[in-house]
Amino acid sequence: MNNASSRIVQVALKIPFADTLDYQLTGKIPKQIIGRRVRVPLGKNKLLVGVIIGLKNSSDYRKLKTVDAILDEQPLLNKNTLNLIKKAANYYQVSLGDMLMTALPAWFRKPDNPPIPQETWYKANIDPQTAKEKLQKAPKQWQVFDYIHANGPQMPAALSHLSASAAALCKQLTDKGLLQQSDRSFIDNKHIEQPDFTLTDDQQRVLKHIQNHNNHFNVSLLDGITGSGKTEVYIRSLMPLLEKGQQALVLVPEIGLTPQLFQTFSKRIEGRLAVFHSGLSDGARARVWQQAGAGHVDVVVATRSGLFTPFKNLAMILVDEEHDLSYKQQDGVRYSARDLAVLRGQIEDIPVVLGSATPAYESLRHALNNHYHWLTLRSRTNQKSLPNIQLQNLDSRKTHGGLTRKTLNDIEQQLDSGHQVLVFLNRRGWSPKLLCHDCGWIAECDDCDAYLTYHKHKDRLICHHCRRHYSLPEFCPNCGSQEMDTLGVGTEQVETALQQELGDYPVIRFDRDSVSTAKQWQQQLDRVRTGKPCVIVGTQMLAKGHDFPKLSLVVVVNVDNSFYSTDFRAEEYLAQLLIQVAGRAGRAETAGQVIIQTHQPKHEFFHTLLEQGYEQLARKGLEQRQDMQFPPFSHMAIIRAQHRYEDKLEAFLLELVDAIGQDPDVSVMGPLPAPMQKKQKLHRMQLILNASNRRSLHQLLKQLLKKHNPTAGPVRWFIDIDPVSFD
Ligand code: ADP
Ligand code: ZN
Ligand code: ZN
């Protein structure tokens with residue numbers, strides 16, 4: 001193919017009007033040109049980065065522009081990665097260029113193509129026990145060491161939350177031989193620790209299954225309760241592959257919340273481990289790509305965007321906490337990294353392991369109908385029972401800061417016996433509503449279709465959707481009454497009530513208002529880590545990943561909102577959240593207890609979840625979805641649009657409905673107002689497409705995109721395939 005006639009290359013670019021453009025290539029054409037990046041001119045004076053995806057002998061266009069430069073000495077994307085990106089673009093109904101630019105780390109999107117910078121990294125050079133002894137008199141240095149040990153190599157710039165003089169501390173630790181300077185962002189572990197336990201029978205059975213199926217594509221759903229030893233199974237699944245010189249990709253929902261996983265891996269796996277996530281510098285992420293592509297790292301532990309990392313010899317993909325919604329990107333191209341991990345496994349013909357204590361119903365369905373191997377771990381490795389969950393009726397009882405007298409007593413009792421307590425509530429501020437007692441008026445945002453949250457410390461009403469602040473009205477703007485009061489509780493109010501009730505025990509609040517910087521986060525965490533009795537009041541931010549060994553009681557303040565949600569997945573999400581939060585209790589030394597406060601203790605949801613367990617709840621939920629023909633028994637897409645004027649928006653969406661046309665397999669609902677009808681002055685509407693057949697759905701959307709370009713018209717819209725939320 002490398003002859004004189006094929007001097008035309010097909011370049012994928014992120015441009016609104018086409019998927020690819022043809023360019024002329026001058027000079028000697030290198031071998032293996034496909035998958036390399038090029039810099040190409042567009043229009044009069046623009047230079048863009050694109051990727052060569054094909055060679056051509058002729059083009060439909062006669063006057064072709066010339067490629068300005070080939071940016072890669074080797075293909076950046078190999079055949080499989082390119083194939084993955086093509087299929088993903090097709091699946092998510094975006095242009096190839098769009099998908100490519102979503103996949104490429106920012107560094108590779110720069111047209112000036114600067115070399116990837118050399119950076120100074122520090123990595124732990126000694127085991128933490130010894131380090132701790134040596135650093136007894138240097139707590140700041142210990143903190144830095146401990147962090148680097150737990151999170152892998154770091155640049156001092158990434159340690160500013162620990163100390164303003166992190167660079168100096170790293171230098172001191174290096175002089176003492178505790179840290180080592182490195183130009184690499186990965187660790188190279190040669191001193192693996194052997195675990196002091198043998199696998200349980202359950203673990204052995206599951207592991208054997210994975211190892212017996214590790215040559216070709218297949219998906220295993222590792223469905224194991226919290227503390228059942230999934231991580232150990234992951235590690236041993238990888239080992240034989242790594243020993244053969246192959247590579248693995250491990251996806252985690254949020255790297256900041258799962259340092260334990262990296263830490264455990266880095267102790268146990270002999271080889272080179274790198275992390276990849278948005279907290280790294282652009283240069284560092286580019287380097288991970290380079291190194292994984294060249295086969296210089298063995299395992300990459302990555303968040304969502306790491307899914308596209310090119311590997312030389314990828315042999316397995318693990319997806320931890322596969323049910324987590326963080327895997328679905330919520331802006332730009334709305335891809336699901338979990339679903340694409342399965343697609344990637346198929347393309348590369350390698351096994352994929354999805355792990356969770358609360359598998360997504362979709363994944364369970366695949367397990368139930370034998371598309372996935374269903375591997376269960378139903379007991380904890382330490383033989384401890386799961387936390388005991390009690391429902392606490394909120395009805396007709398007096399509460400203080402949203403907590404019943406009984407709950408408050410239980411909290412106090414735990415503190416008195418030396419334990420820590422977590423009070424979980426997914427609502428910041430003092431109170432989610434401000435209400436007029438006389439006429440029932442409730443304060444709302446002028447720009448959004450949302451109530452304003454009262455923040456007592458700031459003495460402001462704040463919209464949590466657009467962040468607009470309002471001063472407190474002295475009179476009801478509707479009836480002039482002065483009888484204004486708050487309705488409902490937020491974290492500020494819970495904190496204050498607990499402070500009043502508990503005397504000297506510290507109350508430590510974790511939410512976006514009290515913890516806005518990494519430094520504050522660390523400080524609050526340090527207070528908890530002293531192990532002294534305290535109450536932690538926190539939002540979602542605390543639900544995942546954190547191990548607090550002294551935590552014996554978790555209180556969930558109120559979950560009832562989920563029962564009024566219009567989202568057909570609300571109960572699934574609630575069950576996952578409750579099990580996740582409950583899993584925080586009794587992780588180590590103490591037996592765990594969980595109190596869920598609710599107005600609806602008799603709700604069937606609780607009955608099923610607490611008496612029969614998550615699996616049974618999921619089976620029932622799946623039956624309902626089948627009856628209603630909702631995913632995973634149907635295939636859904638939402639067209640979301642917004643505009644300043646509601647009538648224009650609706651008219652436009654009606655036009656789209658016409659353009660979509662009819663298909664017996666696809667029902668089109670709408671235009672419907674979005675659950676939040678207005679946000680930041682823009683009205684929001686949607687069309688919901690629900691199809692019995694995926695092919696029909698995609699066919700219809702493809703036709704639509706031929707007639708309407710989402711970026712061209714006055715109304716902004718996009719397609720969300722397999723939406724995980726209606727808002
Ligand atoms: P999961 O990821 O399923 O919540 P982990 O993998 O974190 O569970 O395991 C919980 C704890 O049990 C860890 O401290 C791990 O080292 C330990 N562990 C794993 N397997 C065994 C085993 N077979 N015997 C004893 N302890 C184990
Ligand atoms: Zn009023
Ligand atoms: Zn607002």
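Residues numbered from 1 in each chain as written. Chains lettered and ligands numbered in written order. Predicted model: local features only at pLDDT ≥ 70, side-chain atom pairs only at ≥ 80, totals over all residues. Heavy atoms only, no water.

1. Here's the deal with the overall build of the chain
The line we're drawing: Numbering of helices and strands runs from the N terminus; a helix is a DSSP stretch of H or I covering at least four residues, while a strand is a stretch of E covering at least two. Radius of gyration here is computed from C-alpha atoms only, and the compact-globule reference equals 2.2 Å multiplied by the residue count raised to the power 0.38. Summary of the burial criterion: residues with accessible area below 20% of their type's maximum are buried, those above 50% are exposed, and those between are partly exposed, where the area comes from a 1.4 Å probe applied to protein chains only.
The helix and strand inventory of the chain stands at 19 helices and 32 strands. Computed over the C-alpha atoms, the radius of gyration of the chain is 27 Å, within 12% of the 27 Å expected from 2.2 N^0.38 for a compact globule of 727 residues. Along the first, second and third principal axes, the C-alpha set of the chain runs to 85 × 70 × 50 Å. Per-residue burial for the chain yields a buried fraction of 53% across its 727 residues.

2. Side note on the coordination of the zinc ion (ligand 3)
Filter applied, for reference: For Na, K and Ca the donor cutoff is 3.2 Å, while for all other metals N, O and S atoms must lie within 2.8 Å; water is not among the atoms, so some sites may look incomplete.
Here the zinc ion (ligand 3) is held by C445 (SG), C448 (SG), C463 (SG) and C466 (SG), and the distances to it run 2.2 to 2.4 Å. Mapped onto the polypeptide sequence, the residues donating to the zinc ion (ligand 3) form the spacing pattern C-x2-C-x14-C-x2-C. With C448 in the loop between β20 (433-436) and β21 (453-455) and C463 in the loop between β22 (460-462) and β23 (469-470), the pair connects residues that are 15 residues apart, well separated along the chain. Exposure class is identical for C448 and C463. Each is buried.

3. Notes on the packing of aromatic side chains
Our working rule: Put simply, two rings from Phe, Tyr or Trp (the six-membered ring, in Trp's case) pair if the centres are within 6.5 Å, and we call them stacked under 30 degrees between planes, edge-to-face over 60, tilted for the rest.
Evaluation of the coordinates by the stated rule reveals twelve aromatic pairs. Taking 6.1 Å as the distance between ring centres and 65° as the angle between the ring planes, the aromatic pair formed by Y361 and Y614 counts as edge-to-face. Taken as a pair, Y361 in helix α11 (residues 361-368) and Y614 in helix α17 (residues 614-628) lie far apart in primary sequence, 253 residues in all. For Y361, a relative accessible area of 3% puts it in the buried group. Here Y614 falls in the buried class, since its relative accessible area comes to 10%. For the pair F568 and F726, a centre-to-centre distance of 5.9 Å together with 70° between the ring planes defines the contact as edge-to-face. Of the two residues, F568 sits in the loop between β27 (551-556) and α15 (570-582) while F726 sits in the segment after β32 (716-721), which places them 158 residues apart along the sequence. Given the relative accessible area of 16%, F568 is considered buried.

4. Things to note about helix α7 (residues 230-243)
This is how the line gets drawn: Multiplying one less than the number of residues by 1.5 Å gives the expected span of a helix.
In a regular helix each residue adds 1.5 Å, so 14 residues correspond to 20 Å; α7 covers 21 Å between its end C-alpha atoms and thus fits that length. K230, E232, V233, Y234, I235, S237, L238, L241 and L242 are the residues of α7 that are buried. Positive phi appears at G245, one or two residues downstream of α7, with a value of about 85°.

5. A word on helix α9 (residues 282-294)
The end-to-end C-alpha distance of α9 is 19 Å, a good match for the 18 Å that 13 residues give at a rise of 1.5 Å each. Turning to α9, its buried residues number three or more, namely G283, A284, R285, A286, R287, V288, W289, Q291 and A292.

6. Quick notes on the site of ligand 1
Heads up, the condition is: We call a residue near a given molecule or strand whenever any one of its heavy atoms falls within 4 Å of it. What qualifies as a polar contact is a pair of N or O atoms within 3.5 Å, subject to a donor-acceptor requirement within protein and to the restriction that residues adjacent in sequence count only when both atoms come from side chains. In these tables, accessible area is a Shrake-Rupley quantity obtained with a 1.4 Å probe, and a residue counts as shielded only by the protein chains included in the view. Charged residues are taken to be Asp, Glu, Lys and Arg, nonpolar residues to be Ala, Val, Leu, Ile, Met, Phe, Trp, Tyr, Cys and Pro, and polar residues to be all remaining types, Gly included.
Contacts to ligand 1 come from 14 residues, most closely from T198, Q203, G227, K230 and T381. At 2.8 Å from a nitrogen atom of ligand 1 is found a main-chain nitrogen or oxygen belonging to T198. T231 places a polar side-chain atom, nitrogen or oxygen, 3.0 Å from an oxygen atom of ligand 1. Considered on its own, ligand 1 offers 560 Å² of accessible surface; in the complex 69% of this is hidden by protein. If you tally residues by element for the shell around ligand 1, the top one is α7, at three residues. Looking at side-chain class alone, the shell around ligand 1 contains three nonpolar, nine polar and two charged residues.

7. Some points on the nonpolar core
Counted only if it meets this: By nonpolar core we mean a set of buried residues, namely Ala, Val, Leu, Ile, Met, Phe, Trp, Tyr and Cys, connected to one another through side-chain atoms within 4.5 Å. Any two residues whose heavy atoms approach within 4.5 Å are treated as being in contact.
Grouped together as the largest cluster of nonpolar side chains are 113 residues, with contacts concentrated most on F308 and I639. For I639, the contacting residues outside a window of four places in its chain are L653, L656, I660, M685, Q686, L687, L689, L701, L704, W717, F718 and I719. With 32 residues, the next largest nonpolar core counts V233, L280, A284 and V353 among its residues.

8. Re the packing of α11 against α17
Where we set the bar: Between N-to-C directions, angles cover 0 to 180 degrees, with each direction set by a line fitted to C-alpha atoms, over the stretch in contact for helices. In these notes the angle categories are as follows: under 35 degrees is roughly parallel, over 145 is roughly antiparallel, 65 to 115 is roughly perpendicular, and the rest is oblique.
Two elements in contact, α11 and α17, have axes separated by 10 Å at closest approach and are oriented at 90°. Taken together, the axes of α11 and α17 are roughly perpendicular relative to one another. Together, Y361, E362, L364, R365 and L368 of α11 and Y614, L617, A618, R619, G621, L622 and R625 of α17 make up the contact between the two elements. Across the contact of α11 with α17, the residue classes break down as seven nonpolar, one polar and four charged.

9. A word on the confidence of the model for the chain
Defined as follows: For every residue, the predictor reports its confidence as pLDDT, a number between 0 and 100.
Confidence along the chain averages 91 in pLDDT terms, with 97% of residues attaining 70 or more. Ignoring residues within four places in sequence, the model shows residues 1-5, a span with pLDDT below 50, making seven contacts including any to other chains.

10. Some thoughts on the pattern of salt bridges
Operational definition: Here, a salt bridge means any Lys or Arg side-chain nitrogen found within 4 Å of an Asp or Glu carboxyl oxygen.
Tallying each qualifying case throughout the model produces 34 salt bridges. Of the charged contacts in the structure, one is a salt bridge between D282 and R285, with a shortest N-O distance of 2.9 Å. Here D282 pairs with R285, and both are found in helix α9, just three residues apart, close to one helical turn. The partner of R509 in a salt bridge is E495, with the nearest N and O atoms 2.9 Å apart. Residue R509 is located in strand β25 (residues 507-510), and its partner E495 is located in helix α13 (residues 491-502); the two are separated by 14 residues in the primary sequence. Of the residues examined, E495 reaches a relative accessible area of 11% and is grouped as buried. One connected set of salt bridges, linked through shared partners, spans E322, R338, D339, E362 and R569.

11. Here we look at the sheet that holds strand β5 (residues 69-70)
To keep things clear, this is the line we draw: At least two bridges found by DSSP between two strands are what make those strands a pair.
With antiparallel pairing, the five strands of this open sheet are ordered in space as β2-β1-β4-β3-β5. Strands at the two margins of the open sheet, each flanked by one partner only, are β2 (18-24) and β5. Where strand β1 (residues 8-15) lies against strand β4 (residues 46-56), five bridges are found, and the strand directions are antiparallel. When the bridges of β4 are listed, I8 appears paired with K56. Against the sheet, helix α2 (residues 96-103) contacts β1, β2 and β4, and its axis sits at roughly 75° relative to β1.

12. Thoughts on the sheet that holds β22
The sheet built from three strands is open, its strands ordered β21-β22-β23 with antiparallel pairing. The open sheet has two edge strands, β21 and β23, and neither has a second partner. Strand direction decides the pairing type here: β22 and β23, joined by two bridges, are antiparallel. Bridge pairing in β23 places I462 opposite H469.

13. Some thoughts on the side chain of Q493
Along the chain, the position of Q493 falls in helix α13. Contact partners of Q493, with chain neighbours within four places excluded, come to G401, G429, W430, S431 and G488.

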